[in-house]
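The lines below spell out each chain.
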Amino acid sequence: MALRHFGAAAAVALTVGLGASPALAVTEIQWWHAMTGANNDVIVKLATDFNASQTDYKVIPTYKGNYADTMNAGIAAFRAGNAPHIMQVFEVGTATMMAATGAVKPVYKLMGETGEKFDPKAYLPAITGYYSTSKGEMLSFPFNSSSTVMWVNLDELKKANVEIPKTWPEVFDAAKKLKAAGHATCGFSGSWVTWVNLEQLSAWHNVPLASKANGLDGFDTVLEFNGPLQVKHLENLVELQKDKTYDYAGRTNTGEGRFTSGECPIYLTSSAFFGNVKAQAKFAFTAVPMPYYPDAKGAPQNSIIGGASLWVMGGKSADEYKGVAKFLTFLSDTDRQVYIHKASGYLPITKAAYEKAKAEGFYKDQPYLETPLLELTNKEPTENSRGLRLGNMVQLRDVWSEEIEQALAGKKTAKQALDAAVERGNTMLRQFEKTAVK
């Protein structure tokens, strides 16, 4: 993406200005998003409820396609001078949005300038850390957050007389028993191969994915995920792939049906998989924390988030920004956060909403819905587990996946694959740094 042009367009849009709203007219706030199905219904309800709660502003939500489509549409609209006020951007787009100087209005600045009551400490740090500067200044507003969990087919584990595993060696052992008990094509698997087996693995074991706090402290970050822990983990997967004790299920989440169909009895993927599991699984299930290597010092640490946040776009009027700020305050309300959590399965973003959901006994019958929260808040985040902020992350993940696939196919050793993934990735990061840093 040519960020130089993105930044240049910012100056044009700001120079042109958008003019003041007519007196007494309702100010429209455009909100572009990527939510479908039941989650789209939640977005529509939030906008409708906000619009009914006051008479000055009207939030208009518009579906713009998947996450990548929505971000690309927003960038194109900004260049053309007609960006939305609010844009939902997936977590891996954070560095790209940050680098688009002038195109975005940081949330902490927006709330300060509009005088809206705003306390960053009210939000769960494991969630907000991903979207904040190193000083704790919130750049975007966390909206739908998830984390990696391990989904377990309880019926199949019971049949094979296998306990729910907690560590990676226990997972490997359980998968061998499950394979022997009839799961010939898949003892265990997972989606989002780099998110689960590099990004989350590193944070969960408190080892760096990259320098500069995984990029949070600077675009001059260097990839470092070819260390002993990550190499050992990939070596284990490569070995288990040979007889399908582990069986690769792809780069994204297209393989998730292998869990709900009953084929793979242990499956690592997002906690946001809950809706599909609930609707499709014909067996008893649960979701438990990611496994860890017991010989890794301090593990488990804490997990990092997936999902998306709301970015406020640059070049709008003071009145429009006032409306956006009021809407973000509205979304932060404790009862509203509890509603979003229960309706979507995504995580509450404030401490108060999490406490209220607990107090209401929400997790008693569905303890697996608390699992990602327990992972995210397991320990105070470190430089290795606050999150990550790497430019061109979508393309980086493709390169990392390519190399992991080479190892799984026996064409490279695990060390050769991760060394190549780091080297190729660092070349891409230096290209991003040139465009991002003026």
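Residues numbered from 1 in each chain as written. Predicted model: local features only at pLDDT ≥ 70, side-chain atom pairs only at ≥ 80, totals over all residues. Heavy atoms only, no water.

Looking at an unreviewed UniProt entry, one finds the chain named sn-glycerol-3-phosphate-binding periplasmic protein UgpB, with Bradyrhizobium cajani as its source organism. Its UniProt record gives the chain the following Subunit (unreviewed entry) comment, quoted word for word: "The complex is composed of two ATP-binding proteins (UgpC), two transmembrane proteins (UgpA and UgpE) and a solute-binding protein (UgpB)." (UniProt positions renumbered as here; feature names shortened; annotations may be inferred.)

Q: I'm lost on the domain arrangement of the chain in this one. Help?
A: In many reports, interface size means the accessible area that the parts give up when they come together. Under the domain assignment, the chain is made up of domain 1 (27–146 + 305–377) and domain 2 (148–302 + 391–437). Once you take the C-alpha centre of each, domain 1 and domain 2 turn out to be 27 Å apart. The junction of domain 1 with domain 2 conceals about 1800 Å² of combined surface from both sides, 63% of it contributed by carbon and sulfur atoms. Contact with domain 2 buries area across many residues of domain 1, yet Val92, Tyr368 and Glu375 alone supply 35% of it, more than any other trio. Between the two partners, domain 1 and domain 2, sit one salt bridge. In this structure, the salt-bridge partner of Glu91 is Arg397, at a minimum N-O distance of 3.8 Å. Summed over the shared surface of domain 1 and domain 2, the number is three residue pairs in polar contact (both at pLDDT 80 or more). For the side of domain 1 that touches domain 2, the elements supplying multiple residues, two or more each, are helix H4 (94–99) and helix H18 (371–376). The residue inventory of the side of domain 1 that touches domain 2, partitioned by class, reads 11 nonpolar, seven polar and two charged. (Domains from an automatic or database assignment. Buried area = accessible area lost by both parts, 1.4 Å probe. Salt bridge = Lys/Arg side-chain N within 4 Å of Asp/Glu carboxyl O. Polar contact = N/O pair within 3.5 Å; in protein donor to acceptor, adjacent residues only side chain to side chain. Helix = DSSP H or I, 4+ residues; strand = E, 2+ residues; numbered from the N terminus. Nonpolar A, V, L, I, M, F, W, Y, C, P; charged D, E, K, R; others polar.)

Q: Would you explain the packing of helix H11 (residues 228–241) against helix H20 (residues 414–436) in this entry?
A: Helices that pack against each other are described as a pair by the angle of their axes relative to one another and the distance between those axes. Look at H11 against H20: their axes get within 9 Å of each other, and the N-to-C directions meet at 125°. By the angle between their directions, the pair H11 and H20 is classed as oblique. The two elements H11 and H20 meet at a crossing, and its hand is right-handed. Of the residues in H20, those in contact with Gln230, Val231, Leu234 and Glu235 of H11 are Ala414, Lys415, Ala417 and Leu418. A breakdown of the residues in the contact of H11 with H20 according to their chemical character gives five nonpolar, one polar and two charged. (Axes fitted to C-alpha atoms, helices over the stretch in contact; angles between N-to-C directions. Parallel < 35°, antiparallel > 145°, perpendicular 65-115°, else oblique. Left-handed = near helix turned anticlockwise from the far one by under 90°. Contact = heavy atoms within 4.5 Å.)

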